Amino acid sequence: MAVTVTELTPTTGVQITGLSGARLVDKAVAEEALAALDRRGVVIYREADVSDDDLVSFTRLLGQVVPLPNGGHPTHPEIQRITRDPSKSPLAAYREGTFHWHIDGTTSQVPDKATVLTARQISDDGDGDTEFANTYAAYEALSDAEKRELEGLRVEHSFAASQLLVTPDPSPKERAAWDRNPAREHPLVWTRASGRKSLLIGATAGEVVGRPDLGRTFLDGLLERATRPEFTLRHRWRQGDLVIWDNTGMLHRALPYGKASSRLMHRTSVSGEEAVA
Ligand code: OGA
Ligand code: MN
C-alpha cells in the first residue's frame, strides 16, 4: 500500500496512512517519526494495528522505554492499559484526571519525552477523542511584553492539583493518598538546550511560587489561551490508530467517556532526555 503523509493544522500534527503492523518496527520509520515529532508535536499512524510486541519494539526505537508500574497488562510491563474498567487496570479510577488538559510526568525533573497510545478498542458511543494543544506555538504567539512577564516565574506541579479538578472536596484519606506523590517546582517557560521555548502548564500546575497575587485565574487564563482552537488538534480514533506525541510540549486531554465505555488504549512512554530548565 502506498504511504501518505499529511500535515494536519498549520502548526501541529502529521498523519501517516499505509504503514501498519511489523512494518512500523523499522529504524528509518522511527527516525522519521522522531523528526516529525520535533517539527509537528503529534504523529498519527492511521489503523497501524500493531501487536503488543511490536508496540514495545517500536517504542524502543524511539528511545528508552519507561517501565510502568500498575500498567495492568498481563504480559508486558512496558504497556499501560488506559481504560475506566477497574478489571483491566488498577489505575482506572484515576482516568477521569485525563479529561483535563495536562502534560504527563510533570512531577519529575525530566518529564517523559513522548507518549505512544494505540486504540485497541474504540469507544462504542463516539466519545473519547483525544485533543492536543501545542505549547510551543502558544508561547510564540505571546507578545514580547507578555513573554517578559512570564520570565522567571516558577510553578508548583502536583498530582493533588490535578485530582482536585476531579474531586474538589476530598476526604482527608484521599488527600493523604494524593500527597504521597511528591510535588515539584518548574519554570513556567521551559527553555530547551536548542533555545526553543514552551509553556509548562496544565492540570498539575497548582500555583505560581511566591506570587499569591497572581492566583488561580492567572494559570487558568494562560491555559485557556494555550488551548484556543488555533493551537489544538482533535484526534477521532479509529480502531488500530497509533498516536505519538511530544509529551514535553503538547498539552493533551481525552474528551470524556463513560465509566462503562468499551474504550481501551495501550500506552507506552519514552523516557525524557532533557531536564526542565
Ligand atoms: C494518558 C492520556 C489520553 C487519552 O494516557 O496519559 O492522557 O485520550 N491519555 O486516553
Ligand atoms: Mn496524559
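Residues numbered from 1 in each chain as written. Chains lettered and ligands numbered in written order. Predicted model: local features only at pLDDT ≥ 70, side-chain atom pairs only at ≥ 80, totals over all residues. Heavy atoms only, no water.

Chemist: What am I meant to see in the side chain of Thr-227 here?
Modeler: With respect to the helices and strands, the residue Thr-227 is situated in the loop between α7 (215-226) and β12 (232-235). There is a polar contact of 2.8 Å between the side chain of Thr-227 and the backbone oxygen of Leu-223. Setting aside anything within four residues of it in sequence, one finds Thr-227 in contact with Trp-101, Ala-133, Thr-232 and Leu-251. (Helix = DSSP H or I, 4+ residues; strand = E, 2+ residues; numbered from the N terminus. Polar contact = N/O pair within 3.5 Å; in protein donor to acceptor, adjacent residues only side chain to side chain. Contact = heavy atoms within 4.5 Å.)

Chemist: Would you explain the side chain of Thr-130 in this entry?
Modeler: With respect to the helices and strands, Thr-130 occurs in strand β6 (residues 130-134). A polar side-chain atom of Thr-130 sits 2.8 Å from a polar atom in the side chain of Trp-237. At 3.3 Å, the side chain of Thr-130 forms a polar contact with the side chain of Arg-263. Sequence-distant contacts of Thr-130, defined by excluding residues within four places in its chain, comprise Leu-233, Arg-234, His-235, Trp-237, Arg-253, Ala-254 and Arg-263.

Chemist: Sorry, what's going on with the sheet that holds β12 here?
Modeler: Sheet strands line up and pair through hydrogen bonds in the backbone, either parallel or antiparallel. Spatially, 3 strands are ordered β12-β6-β14 in an open sheet, and the strand pairing comes out antiparallel. In this open sheet, the two edge strands, each paired with only one partner strand, are β12 and β14 (250-254). For this sheet the average axis-to-axis angle between neighbouring strands, irrespective of direction, equals 20°. Of the pairings in the sheet, the one linking β6 to β12 comprises 4 bridges and is antiparallel in character. Across the sheet, residue Glu-131 finds its bridge partner in β12, namely Arg-234. (Pairing = 2+ DSSP bridges. Axes fitted to C-alpha atoms, helices over the stretch in contact; angles between N-to-C directions.)

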